[in-house]
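Observations on chain architecture
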Amino acid sequence: MVTNFIPRQETGDTGRPEFYEAAGNRFAILLFADPNTQDGLISARSAEVFQQNPSSIDTVLVLVKLDNQRFKYLVIERDGSWSEMCGNGARAVAKYLYDSGLAKPGQPIILVTKSGKEIEVKALRIEGKTWYQVNMGQVSSVEEDPKSFEGLLEQGFDGNSERFNVEQLILTELDKYLTEPKRLQELFPDLMPDGQPNPLSMYSSYFHKLLQQVNTEDKFKEFVQALVYRGLYQAGGEPHTLIEITNPTIVATLEDVKFSDYLKAVSFLLRHIQNEQNSRLYPQSMNFMFYVIQEDPNKTAEQPTAGEQTNNFTVTMYPAERGVHNGVKYDQTGACGTGSCCLGNYLLKHDSRFTGLNRITIVNRSGIPLIVALDDEGNTQLIGQAERTK
């Protein structure tokens, strides 16, 4: 079925995926020429790419050519689900389209998401390098636009886990899994409904061991005590729960592996948490953005990054994304563009440490900075770089 791909003589594409990276997120990009390409073919081809690249990519990005500067833009996760939007992926496909000659230099690209929303991406020159700016449109919180969150959460739950006491929620849920190990087996059975082996079954024993381990560590309880819910936001139709780690010292004292284990344990417990009626509070599609704000004496307003207005605080974000299933990394990725947009909106609008600023740099787990800016029309601009990897 490779004839559905744009032929080599027209685009340089051979029918094989192209590999790009943006802010630490790793993508395989597929391009189809036929605007009527069926979803089933797209899903099947994406599954093949994941099978061929079991650990070297996070997401498959599919482009379907519509006209000269417009492309359908589909985001497919490792578990087979389709996300509405990926901000870092939008920059990656923009670089690919400019590299391949499918998009004209100096003209913006229009990406059409699965719901039909149009996203504009354009190239910028900053400090002698090419960056890519994605117009993410309006980013809203559940308080600002509750209707857009309808059907996303359990009835009567507005996403604010602080009302339930984050620490108590996590520790109570932890105790459930320790006393009822069959819950893990039910979440991650050995076989799929069709009788095929379940690739996620590894998580049953993995989380059984991890949860037992953290339960014995006083440092884990100290870590959980430092977690504070800050908001539930949507960017590009993707929901993100923001959780601040309010004690930067504890992060600094944890080794990278231990810190990663604690984040995995917490995101797993929150992702599957249930109320007294055994209904899930958060949907499986929820993304959790953990972040730390630290004062940096070496960062001043006289030393901006990429033209950014700044202060002396550094923001580091640790994404836990749904549908990734990245082996023992579970839901951890190097970066999250839509999550950065959500966090940037919250900090610029509601955190006094960033009063008066209209843009902010967020450093993701990968260590690569992303700029989130609010324009005069209230739209959120995501600015960062992208690279071809092979």
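Not measured: the values here are computed from a predicted model.

A look at helix H4 (residues 166-179)
Between its terminal C-alpha atoms H4 stretches 20 Å, which fits the 20 Å expected from 14 residues at 1.5 Å a residue. Every buried residue of H4 is listed here: Val-166, Leu-169, Ile-170, Glu-173, Leu-174 and Tyr-177. Looking straight down H4, one finds its buried side chains confined to an arc of 125°; they lie on one side. Looking at the buried positions of H4, the neighbouring elements they touch are helix H5 (182-187), helix H6 (202-215), helix H7 (218-225), strand E10 (227-235) and helix H9 (256-271). For H4, the side-chain oxygen to backbone nitrogen distance between the N-cap and Glu-167 is 3.1 Å, and the N-cap itself is Asn-165.

Digging into the packing of aromatic side chains
Following the criterion strictly, the structure yields 19 aromatic pairs and no others. Arranged with centres 4.3 Å apart and planes meeting at 15°, the rings of Phe-207 and Phe-268 form a pair that is stacked. Pair noted here: Phe-207 is in helix H6 and Phe-268 is in helix H9, with a separation of 61 residues, a long-range link. By relative accessible area, Phe-207 is classed as buried at 0%. On the basis of relative accessibility, which here comes to 0%, the residue Phe-268 falls in the buried class. Plain terms: the ring middles of Phe-223 and Phe-259 are 6.1 Å apart, the flat faces sit at 80° to each other, and that makes the pair edge-to-face. Of this pair, Phe-223 sits in helix H7 while Phe-259 is found in helix H9, placing the two residues 36 residues apart along the sequence. A relative accessible area of 0% places Phe-223 in the buried class. Residue class for Phe-259 comes out buried when judged on its relative accessible area of 7%. One aromatic cluster is present, formed by Tyr-177, Phe-188, Tyr-203, Tyr-206, Phe-207, Phe-268 and Tyr-330 through successive ring pairs. For the cation-ring pair, Arg-183 lies above Tyr-177, with the distance from its terminal atom to the ring centre recorded as 4.5 Å.

A short note on the nonpolar core
Residues Leu-63, Tyr-73, Leu-111 and Leu-347 are the most contacted members of the largest nonpolar core, which totals 56 residues. Residues Leu-210, Leu-263, Val-266 and Leu-281 belong to the second largest nonpolar core, which totals 48 residues.

Let's talk about the side chain of Asp-261
By the secondary structure assignment, Asp-261 is in helix H9. Accessibility expressed as a relative area gives 11% for Asp-261, which makes it buried. In this structure, Asp-261 is in contact with Tyr-206, Leu-210 and Gln-213, ignoring residues within four places of it in sequence.

Quick notes on the environment of Ser-340
Looking at where Ser-340 falls in the secondary structure, it is placed in helix H10 (residues 337-350). Between the C-alpha atom of Ser-340 and that of Gly-156, which follows or precedes it by 184 residues, the distance is 27 Å. Ignoring any residue separated from it by four or fewer positions in sequence, one finds Ser-340 in contact with Met-317, Ile-362, Asn-364, Leu-370 and Val-372. Among the polar contacts listed, one links the side chain of Ser-340 to the backbone oxygen of Cys-336, at a separation of 2.8 Å.

Brief notes about the pairing of strand E6 (residues 109-112)
Side chains Ile-109 and Leu-111 project from E6 onto one buried face, and the interleaved Ile-110 and Val-112 project onto a second face that is buried too. Across 3 bridges, strand E4 (residues 70-77) lies against E6 in parallel orientation. Paired with Phe-71 across the strands is Leu-111, a residue of E6. As paired strands, E6 and strand E7 (residues 118-126) are joined by 4 bridges and run antiparallel to one another. In the sheet register, Val-112 faces E7, and the bridge partner there is Glu-118.

A few points about the pattern of salt bridges
A full pass over the atoms with the stated rule returns 15 salt bridges. Here Glu-18 makes a salt bridge to Arg-388, at a shortest N to O gap of 2.6 Å. A residue pair is termed long-range when its members are at least 10 positions apart, and Glu-18 in strand E1 (residues 18-22) and Arg-388 in strand E17 (residues 387-388) qualify at 370 residues. We classify Glu-18 as buried; its relative accessible area is 12%. Across the pair Asp-261 and Lys-264 runs a salt bridge, and its minimum N-O distance is 3.6 Å. With Asp-261 and Lys-264 both in helix H9 and 3 residues apart, the pair spans about one turn of that helix. Shared partners join several salt bridges into a network, and the residues in it are Arg-230, Glu-244, Asp-351 and Arg-353.

Here is what the cut-offs are and how they apply
Residues numbered from 1 in each chain as written. Predicted model: local features only at pLDDT ≥ 70, side-chain atom pairs only at ≥ 80, totals over all residues. Heavy atoms only, no water. Helix = DSSP H or I, 4+ residues; strand = E, 2+ residues; numbered from the N terminus. Expected span 1.5 Å × (residues − 1). Buried < 20%, exposed > 50% of the residue type's maximum accessible area, 1.4 Å probe, protein only. Arc of directions from axis to C-beta. Contact = heavy atoms within 4.5 Å. Polar contact = N/O pair within 3.5 Å; in protein donor to acceptor, adjacent residues only side chain to side chain. Phe/Tyr/Trp six-rings, centres within 6.5 Å; stacked < 30°, edge-to-face > 60°. Lys NZ or Arg CZ within 6 Å of the ring centre and 35° of its normal. Core = buried A, V, L, I, M, F, W, Y, C linked by side-chain atoms within 4.5 Å. Pairing = 2+ DSSP bridges. Salt bridge = Lys/Arg side-chain N within 4 Å of Asp/Glu carboxyl O.

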